[in-house]
Amino acid sequence: NEFEITLSTIDADVVHLEESIRDRILKTLANPNIAYILMMLGLAGLYFELSNPGAIFPGIMGGLFIILAFYAFHTLPVNYAGVLLILTLGSLMLIESPHDYLQISLSVILPTIAVVGGFFLVVTALVIKVQTRSSITGESGLIGLKGPVKEWEADQGKVLIHGEWWKAYGETDLEPGDKIEVMAVDGLSVQVKRTDHSGS
């Protein structure tokens with residue numbers, strides 16, 4: 001059954017309610033532009049933490065921004081397909097609403113994509129640089145390096161590679177002063193072969 005209710009407001013008291021700080025914060029978070037920026041910052045923070053384990057602060061801030069962003073999305077008509085394409089077309093289709101005031105402004109999307117994209121490029125370049133440096137200074141970076149034999153008996157001894165002493169094994173007729181080349185790395189030892197004699 002349907003009931004019709006008529007409210008009489010002629011003598012009603014008008015009460016003005018002021019927004020609390022909490023309400024203002026939540027209202028700000030519900031702004032689609034703010035929600036979008038929070039998500040992008042969150043993704044950037046998490047990416048930086050994964051690229052540099054132990055940094056801690058970027059990961060914490062990234063997680064916090066992601067939580068705030070998803071809280072904001074909960075209050076907005078979000079098209080979650082847009083989340084998967086957030087850096088490109090998804091930025092335009094993230095908010096599913098015909099109203100302009102609920103759409104993310106292009107003036108926000110373009111600078112945000114540029115900044116976050118640049119951030120990812122810089123971080124990726126740094127990661128590649130670190131990985132390349134690790135490869136050079138790691139075990140694989142020793143292969144092909146040359147140095148002198150310092151001690152040798154039978155088929156093993158000590159060689160000087162890249163300023164460091166290494167236990168080595170290989171040919172039986174090596175002598176102190178012979179120049180060798182690293183062929184393989186086996187734990188804390190290297191397999192070597194002679195490149196020339198010391199001339200003694």
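Residues numbered from 1 in each chain as written. Predicted model: local features only at pLDDT ≥ 70, side-chain atom pairs only at ≥ 80, totals over all residues. Heavy atoms only, no water.

1. As for the sheet that holds strand 1 (residues 146-153)
Around the barrel, 5 strands lie side by side as 1-2-3-5-4; this closed barrel has mixed pairing. Ignoring which end each strand starts from, the neighbouring axes of this sheet average 50° apart. (Pairing = 2+ DSSP bridges. Helix = DSSP H or I, 4+ residues; strand = E, 2+ residues; numbered from the N terminus. Axes fitted to C-alpha atoms, helices over the stretch in contact; angles between N-to-C directions.)

2. A few points about the pattern of salt bridges
Counted according to the given criterion, the structure contains 4 salt bridges. As a salt-bridge pair, Arg 22 and Asp 23 come within 4.0 Å of each other at their nearest N and O atoms. The shortest N-O distance in the salt bridge between Arg 194 and Asp 173 comes to 3.1 Å. Within this pair, whereas Arg 194 is found in strand 5 (residues 189-196), its partner Asp 173 is found in the loop between strand 3 (164-170) and strand 4 (179-186), the two being separated by 21 residues in sequence. Judged by relative accessible area, Asp 173 falls into the partly exposed class, the value being 40%. Here the salt bridges share partners, and the residues they tie into one network are Glu 171, Asp 173, Asp 178 and Arg 194. (Salt bridge = Lys/Arg side-chain N within 4 Å of Asp/Glu carboxyl O. Buried < 20%, exposed > 50% of the residue type's maximum accessible area, 1.4 Å probe, protein only.)

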